[in-house]
Amino acid sequence: MSVVSYKQENFIGIITIERPEALNALNSQVLDELNSTFANIDLETTRVVLLTGSGTKSFVAGADISEMSTLNKVEGAKFSNKGNEVFRKIEIFPLPVIAVVNGFALGGGCELAMSCDFRVCSENAVFGQPEVGLGITPGFGGTQRLARLIGLGKAKEMIYTANAIKADEALNIGLVNHVYPQEALMEEAIKLAGKIAKNAPFAVRACKKAINQGIDTDMDRAIIIEEKLFGECFATEDQKVGMKAFLEKIKGVEFKNK
């Protein structure tokens, strides 16, 4: 039985982890299906991806403890590598990926959300890295992405104490961009995705590439990355259409992803 579903709404792809009985915990099957789902997204007909969990209790409650509990040192490192490869694929995926966090985002769930471009959540969302209470470290990038997102001191506090935070604090520290009532979460996420999808697709993808590649280098190299991608936009039809519409005061331009 499949544990990851995919559906398309106009230019928006929606990926849902379907293990509500396990609070959508990540096991090897979920990781494999996430990997194949992202690999099969049509980049020509899709402009934004939403990633969420089924039900109203949990985005992803963590990695599956029942699967991890019997691992040895070598197997543990291999499982960490498996998750990291999938999450890194999401992080550098050509299209924007928004985590729609509808409840618990703990351990691997928080790490999965952080691998997305940004996060929106419901009022009942809870974020945390509780791994040290289980005798392990975060294994899917939590020690790296959390500090980059919210700062070193706060990240160390969350990880060392294993304390979880609620939606309002996640918003205050910049871990999430927006908090919505549970019943409005997906509708608002689709609206947000729609605002991205109406813009020139090549330009949006180029922005993601420039940010991701530039953030880990010095400013002199980073602006060269931007210059190159900026120049490449001028080889697209959408750039010509967009600028012509601006100059001629034409509203409602539709970009063709060309």
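Within an unreviewed UniProt entry, the label attached to the protein reads Enoyl-CoA hydratase, and the organism entered is Fusobacterium canifelinum. For the protein, the Sequence similarities (unreviewed entry) comment in UniProt is given as "Belongs to the enoyl-CoA hydratase/isomerase family."

A. A look at unusual backbone geometry. Of note, the phi angle at Ala162 is positive, near 65°, even though the residue is not glycine. Tracing the backbone through its elements, the reader meets Ala162 in the loop between helix H6 (152-161) and strand E9 (165-166). Phi at Lys249 takes a positive value of approximately 55°, unusual for a residue other than glycine. In this structure, Lys249 sits in the segment after helix H11 (237-247). Using a relative accessible area of 73% as the deciding quantity, one classes Lys249 as exposed.

B. Here's a closer look at the domain arrangement of the protein. For the protein, the assigned domains read domain 1 (4-197) and domain 2 (199-248). The straight-line distance from the C-alpha centre of domain 1 to that of domain 2 is 27 Å. On the domain 2 side, the residues contacting the 15 residues of domain 1 number 7 residues. Between domain 1 and domain 2, a total of about 740 Å² is buried, with carbon and sulfur atoms accounting for 46% of that surface. Considering only the surface of domain 1 that becomes buried against domain 2, Arg47, Pro94 and Ile196 emerge as the three largest contributors, covering 38% of it. For the pair domain 1 and domain 2, the interface holds 1 salt bridge. Residues Lys208 and Asp117 are paired through a salt bridge, measuring 2.9 Å at the closest nitrogen-oxygen approach. Put simply, domain 1 and domain 2 have 7 residue pairs in polar contact (both at pLDDT 80 or more) between them. Tallying contributions element by element places helix H8 (residues 185-197) first for the side of domain 1 that touches domain 2, with 3 residues. Tallied by class, the residues present in the side of domain 1 that touches domain 2 amount to 10 nonpolar, no polar and 5 charged.

What counts and how
Residues numbered from 1 in each chain as written. Predicted model: local features only at pLDDT ≥ 70, side-chain atom pairs only at ≥ 80, totals over all residues. Heavy atoms only, no water. UniProt positions renumbered as here; feature names shortened; annotations may be inferred. Helix = DSSP H or I, 4+ residues; strand = E, 2+ residues; numbered from the N terminus. Buried < 20%, exposed > 50% of the residue type's maximum accessible area, 1.4 Å probe, protein only. Domains from an automatic or database assignment. Contact = heavy atoms within 4.5 Å. Buried area = accessible area lost by both parts, 1.4 Å probe. Salt bridge = Lys/Arg side-chain N within 4 Å of Asp/Glu carboxyl O. Polar contact = N/O pair within 3.5 Å; in protein donor to acceptor, adjacent residues only side chain to side chain. Nonpolar A, V, L, I, M, F, W, Y, C, P; charged D, E, K, R; others polar.

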